[in-house]
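Spelled out, the chains give:
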Amino acid sequence: MDFDRSIKIAPSILSADFADFGREIRAVEDQGADWVHVDVMDGHFVPNITFGPPAVAAFRKHVRTVMDVHLMIAPVDPYIDAFARAGADIITAHVEAGPHIHRTLQAIRGAGAKAGVALNPGTPAESVEHLLDLADLVCVMTVNPGFGGQKFIDMTDKVRRLRAMIGDRPVHIEIDGGVDPTTAPALARAGADVLVAGSAVFRGGSVSNSAPYGENIAAIRAAAESALK
């Protein structure tokens, strides 16, 4: 997985048809998705329950791009190896999920995955300042995690501060929550390069009519890229 700062669209399969994940994943990739984002929730760290390692392993068989696994769980460390074995290319843990996030990032890299660290809306950018040499990705939550389809919370100042902190390190800035063609431009301008979108990608389409997925992905990408010209 080569590093570059071009805009990448990562559809969240939390908004896909749960009865047809394999075809949904193939459909969004065929329609231009760069990554596939998998939201893992435990009903403890966040108020919802989604997928465990067996489900992620099943998704892996269909993902041809990058499988980006976002762990909204606490504790994190006991499950890192299982998600790495399930085929996650990137494993992201929350800085708020435990007292030893530095150790967590070491463990993710030790398991052979790229290491991401996520920040809830109320957590300052400075909380990851001393982790950037261990991180491959910083995920900025622009909703309070736990459910799809929430209203966007403006975090462009946080993104800007992170971009300055990261400097020339090969670290992605990912945005998760409420991304659509109206919110993408300011985020891209501030320094984000990975845009997670759920309902904004899957809205209006289906596995039997996937063209709207491509139109939605293209609209988000065009809006973000226009801000960089």
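Calculation criteria
- Residues numbered from 1 in each chain as written.
- Predicted model: local features only at pLDDT ≥ 70, side-chain atom pairs only at ≥ 80, totals over all residues.
- Heavy atoms only, no water.
- Pairing = 2+ DSSP bridges.
- Helix = DSSP H or I, 4+ residues; strand = E, 2+ residues; numbered from the N terminus.
- Axes fitted to C-alpha atoms, helices over the stretch in contact; angles between N-to-C directions.
- Contact = heavy atoms within 4.5 Å.
- Buried < 20%, exposed > 50% of the residue type's maximum accessible area, 1.4 Å probe, protein only.
- UniProt positions renumbered as here; feature names shortened; annotations may be inferred.

Can you lay out the sheet that holds strand 5 (residues 114-119) for me, pointing to particular residues and giving the numbers?
Taken in spatial order, the 8 strands of this open sheet run 1-8-7-6-5-4-3-2, and their pairing is parallel. Two strands in the sheet have a free side with no partner beyond their single neighbour: strand 1 (8-11) and strand 2 (35-41). Averaged over neighbouring strand pairs, the angle between their axes works out to 25 degrees when direction is ignored. Sheet analysis places strand 7 (residues 172-176) next to strand 8 (residues 194-197), joined by 3 bridges and oriented parallel. For Ile175, the partnering residue across the bridge sits in strand 8 and is Leu195. Helix 4 (residues 101-110) rests against strand 4 (90-94) and strand 5 of the sheet, and its axis sits at about 150 degrees to strand 5.

Provide a residue-level description of the pairing of strand 5, including the pertinent values.
Along any regular strand, the residues point their side chains to alternate faces of the sheet. Across the 6 residues that make up strand 5, a large majority, 5, are buried. When strand 5 meets strand 6 (residues 137-141), the two strands line up parallel, connected through 4 bridges. By the bridge assignment, Val117 is partnered in strand 6 with Val138.

An account of the UniProt feature "binding site: a divalent metal cation" (unreviewed entry) in the chain is requested, with residue identities and associated values reported.
The sites that carry the UniProt feature "binding site: a divalent metal cation" (unreviewed entry) are, in the present numbering, His37, Asp39, His70 and Asp176. Taking the farthest pair of C-alpha atoms as the criterion, the annotated set spanning 140 residues converges on one region, since that pair is 10.1 Å apart. Judged by its relative accessible area of 0%, His70 is buried. Those residues in contact with His70, other than ones at most four positions away along the chain, are His37, Val38, Asp39, Val40, Thr92, His94, Ala118, Cys139, Met141 and Asp176.

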